[in-house]
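# Breakdown of the fold
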Amino acid sequence: MADAHVQKKPDPCSFVIFGVTGDLTHRLVIPALYNLAAGHLLPDKFCVVGVARNGMSSDELIDSLMKGLRQYATRPVDESVAKRLFECVTAVEADPSDPASFDALRDRLDRLEAKRETGGNRLFYLATPPSAFLPISRELSRTGMLAENGSWRRLVVEKPFGTDLASAKTLNAELLKLMDEHQIYRIDHYLGKETVQNILVLRFANGMFEPIWNRNHIDHIQITVDEKLGVGHRGSFYDATGALRDMVPNHLFQLLSLVAMEPPARFDAHAVRSEKGEVLSSIQTQTEEEAQKNSVRGQYRAGKVGDTEIEDYRKTEDVKSGSTTETYAALKLTIDNWRWAGVPFYLRTGKALGVKRTEIAIKFKQAPFAMFRDTSVDRLSQNYLVISTEPTEGIELQFNTKVPGPTINIDGVEMKFRYKDYFRTAPSTGYETLIYDCMIGDNILFQRADSVEAGWAAVQPFINAWKKAGARGLKIYDPGSEGPEEADELLARDGRSWRKLT
Ligand code: BG6
């Protein structure tokens, strides 16, 4: 995580994007590079090489990236900055099924780098479908492009990293035959979000939270990532993936691991990533029966979210008509360690819901003594600390207070901190920090192989149980709702309820 006060310039390097014609490159990678260029955080000696399969010229590529930038930029585009960035862009054609094209790519890169004086440092960004990760990596290795001889070579791998525990293990093992762990940057865009990075600061740079951050004071934790949008044009990817695989072992577990990890000894990649891996591997492995009991999965039918019509999930383009893929998942997990024994973690995520909300709500235990029982106060409202990423970035504390007046009346109130009220920062894509960190070689915000595998190991019983159950147990919910009612029952069984979302 770059320190805002000592932002060093990255080493000269080439930024090689595979999948340069795709949505991710246009929507996020190029706008992030633009924002870094605007902040003078790109190396002085730099080039962007866009690798595509379709024989596009550099001019055509620049044209298309420029259009993308105009559409997706998070701030007004300064033409001189855009010009400076796009001057560095070259299109190259290469296809992993044609080895000669990778030999040609290597020769082309060598020539470009000599001209641009980038010193041979290379960042390969795989903005491709997952099926291309290994074929590309194998070709990069065969042609010697991953060998670090006095210069660095790094590979950024997007999610999904595997589709289950076995495939994630295979992908890790195969990649590690081609390069070292320190060269692999497994990206999860949730770690680029300010509020997510702030969880560590909130917990470990303040003296007042950590002493109560445990089973003695915390009743349970809720992690919510609710979205209003449906699956849209991503039917083919989504139907093979579902809400659980798409969101839980990656994004929700990033939130869970930061909120539940032990304090690392130092703020460095090894210490932080070891603690994150440790807490993920402490998630209790459930049997398939337990997983079935401790989960709810749903699928949306046709309806409306606000004024927007949402078509029945099963009628979505590229979705099978009898699909049993979940678009909503809720899970109850427990962490088997000294700090969290007996504290449930409830996770929920879904599409086509009534609100867009990403938050971690930490529910504290009731005050231990009912001193106000003989007054007109019958039920105290609940104490929550809420770390929120969507729709506003900030932190809220809910607590009880006396309503002014001669009698004792108590009401729940909220204290709110919002990033935008305190800090004036230019809006970003969330990828800037991640790309910058990758260029300076700081992998603290990237996932290590062990954490990825620990995440998949924790969700594997749910994958297995749901596969076995098929259509049985799949709950249908209305767009615009909070998801299937059974998700409420999951908490009601434990005498708890989801925090009301607004
Ligand atoms: C992506 C998922 O990784 O994250 C999408 O594939 C999801 O399905 C998205 O919509 C959510 O990201 P964010 O930043 O909008 O919460």
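In this report, the structure presented in the accompanying data block is examined. Remember, predicted model here, so these are calculated numbers, not experimental data. Starting from 1, residues in each chain are numbered consecutively following that chain's sequence as written. Totals for whole chains, interfaces and linings use every residue, but because this is a predicted model, local features are given only for residues with pLDDT of at least 70 and side-chain atom pairs only at 80 or more, for both listing and counting. Heavy atoms throughout the structure, all of them, feed into the side-chain values; hydrogens and water do not.

A word on the nonpolar core. Here, the term nonpolar core denotes a set of buried Ala, Val, Leu, Ile, Met, Phe, Trp, Tyr and Cys residues that are joined through side-chain atoms within 4.5 Å. Burial here depends on accessible area, computed with a 1.4 Å probe over protein chains only, as a share of the maximum for the residue type. Under 20% is buried, over 50% is exposed, and the range in between is partly exposed. Leu33, Tyr125 and Phe345 are the most contacted members of the largest nonpolar core, which totals 145 residues. A per-element tally of this core places helix α8 (residues 235–260) first, with twelve residues. Strands here mean DSSP runs of E at least two residues long; helices mean DSSP runs of H or I at least four residues long; both are numbered from the N terminus.

Turning our eyes to something else, we now look at the site of the ligand. Near the ligand the following residues occur: Lys159, His189, Tyr190, Lys193, Glu227, Arg234, Asp246, Met247, His251, Lys351 and Lys356. By the criterion applied in these results, polar contacts are pairs of N or O atoms within 3.5 Å in which, for protein atoms, one can donate a hydrogen and the other can accept it, and in which residues neighboring in sequence qualify only through two side-chain atoms. At 2.6 Å from an oxygen atom of the ligand is found a side-chain nitrogen or oxygen belonging to lysine 193. In this structure, an oxygen atom belonging to the ligand sits 2.7 Å away from a side-chain N or O atom of histidine 251. Here the accessible surface of atoms and residues is derived via Shrake-Rupley with a 1.4 Å probe, and residues count as covered only by protein chains that are part of the display. Within the complex, 81% of the 400 Å² of free accessible area of the ligand lies under protein. We define proximity as follows: a residue is near a molecule or strand when any one of its heavy atoms falls within 4 Å of that partner.

Only one rule defines a salt bridge in this text: a Lys or Arg side-chain nitrogen within 4 Å of an Asp or Glu carboxyl oxygen. For the structure on display, the rule yields 32 salt bridges. One salt bridge in this structure joins glutamate 262 and arginine 339, with 2.8 Å as the shortest N-O distance. A residue pair is termed long-range when its members are at least 10 positions apart, and glutamate 262 in the loop between α8 and α9 (269–281) and arginine 339 in the loop between β11 (328–333) and β12 (345–350) qualify at 77 residues. According to the relative accessible area criterion, glutamate 262 is partly exposed, its value standing at 30%. For arginine 357, the salt bridge is made with glutamate 396, and the minimal N-O distance between the two is 3.8 Å. Placement of the pair is arginine 357 in strand β13 (residues 357–364) and glutamate 396 in strand β15 (residues 394–402), with a sequence separation of 39 residues. Taking relative accessible area as the criterion, arginine 357 reaches 5% and is therefore assigned buried. Three or more residues are tied together by salt bridges with common partners; here these are Asp103, Arg106, Asp107, Glu139 and Arg142.

Let us look at the sheet that holds strand β17 (residues 474–477). DSSP-based pairing: two strands are paired if at least 2 bridges between them are found. The strand order β16-β15-β14-β13-β7-β12-β11-β8-β17 describes an open sheet built from nine strands, whose pairing is mixed. Taken across any chain shown, the strands that pair with only one partner, and hence form the sheet edges, are β16 (410–418) and β17. Across the sheet, the axes of successive neighbouring strands diverge by a mean angle of 20 degrees, strand direction being ignored. The sheet contact formed by strand β14 (residues 384–390) and β15 spans five bridges and is antiparallel. Counted as the bridge partner of valine 386 is glutamate 396 from β15. Whether two residues are in contact is decided by their heavy atoms: any pair within 4.5 Å suffices. Helix axes are fitted only over the stretch in contact, all axes being lines through C-alpha atoms; the angle between N-to-C directions runs from 0 to 180 degrees. Packed onto the sheet, helix α7 (residues 194–204) meets β13, β14 and β15 and runs at close to 150 degrees relative to β14.

This part is about empty space enclosed by the protein. In this analysis a 1.4 Å probe is tested at points of a 1 Å grid over the protein atoms alone, and where it fits but cannot get out there is a cavity; an open set with protein on both sides within 12 Å along at least five of seven lines is a pocket; lining residues have an atom within 4 Å of a point. Grid points are joined across faces, edges and corners, and a volume is the space filled by probe spheres set on the points. Considering all chains together, one arrives at two cavities of 30 Å³ or more under this definition. Its boundaries defined by the atoms lining it, the largest cavity holds a volume of some 100 Å³. Lining of the largest cavity is provided by Val157, Glu158, Lys159, Pro160, Phe161, Arg186, Ile187, Pro249, Asn250, Gln447, Val452 and Trp456. At the level of elements, α8 and α13 (449–469) are the ones that each hand at least two residues to the lining of the largest cavity. Residues are grouped as follows: Ala, Val, Leu, Ile, Met, Phe, Trp, Tyr, Cys and Pro are nonpolar; Asp, Glu, Lys and Arg are charged; every other residue, Gly included, is polar. Partitioning the lining of the largest cavity into residue classes produces seven nonpolar, two polar and three charged. Counted as a void, the second largest cavity has a volume near 70 Å³.

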